[in-house]
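Chain and residue survey
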Amino acid sequence: FCQPSGWQLFPERNPPTFFVAVLTDINSERHYCACFTFWEAVESPQPQSHARNGEGEEEEGEASSLVQPAQLFAPKSLVLVSRLDHAEVFRVS
């Protein structure tokens, strides 16, 4: 399955999107996919740290102060697959 904007994390929440994809199987039968994507908050796996001097290097004897992990947003998709071409029903619901 392909996500039009990719599967990367973003620093801000994007607006939800809706699109329809048509898949054709090996028997030439079409399957209609109504795809609703929204953005879910996730925490960064690594905490960020602040250096105490202006050059980005930590002076000896001073521990870095930890900052809360950066909040990132990941795409999450709900996909309904149908053999019937009625995606407009899902769009307005």
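Residues numbered from 1 in each chain as written. Predicted model: local features only at pLDDT ≥ 70, side-chain atom pairs only at ≥ 80, totals over all residues. Heavy atoms only, no water.

The name an unreviewed UniProt entry assigns to the protein is MTMR5 protein, from the organism Pheucticus melanocephalus.

With that settled, consider the sheet that holds strand β5 (residues 71–82). As summarised here, the arrangement of the 3 strands in space is β1-β2-β5, forming an open sheet in which the pairing is antiparallel. Because the sheet does not close on itself, it has two edges, and the strands there are β1 (17–24) and β5. Averaged over all adjacent pairs, the angle separating strand axes in this sheet is 30°, with direction ignored. Pairing geometry for strand β2 (residues 30–43) and β5, over 12 bridges, is antiparallel. Of the residues in β5, the one forming a bridge with F36 is L78. (Pairing = 2+ DSSP bridges. Helix = DSSP H or I, 4+ residues; strand = E, 2+ residues; numbered from the N terminus. Axes fitted to C-alpha atoms, helices over the stretch in contact; angles between N-to-C directions.)

Our next topic: the side chain of H31. You can see H31 is positioned in strand β2. H31 has contacts with A21, V22, L23, D25, V81, S82 and R83, leaving out every residue within four places of it along the chain. (Contact = heavy atoms within 4.5 Å.)

The next thing to look at is the packing of aromatic side chains. Going through the model one piece at a time under the given rule, you end up with 2 aromatic pairs. Taken together, a centroid distance of 5.3 Å and an interplanar angle of 85° make the contact between F10 and W39 edge-to-face. One end of the pair, F10, is in the segment before β1; the other, W39, is in strand β2, with 29 residues separating them in the sequence. Taken as a pair, F10 and W39 share a single burial class, namely buried. (Phe/Tyr/Trp six-rings, centres within 6.5 Å; stacked < 30°, edge-to-face > 60°. Buried < 20%, exposed > 50% of the residue type's maximum accessible area, 1.4 Å probe, protein only.)

Our next topic: the pairing of β1. Here β1 runs beside β2; their pairing, made up of 8 bridges, is antiparallel. If you follow L23 over to β2, its bridge partner there is H31. Counted along the chain from β1 to the antiparallel partner β2, the turn is 5 residues long, and its residue S28 has a positive phi close to 65°.

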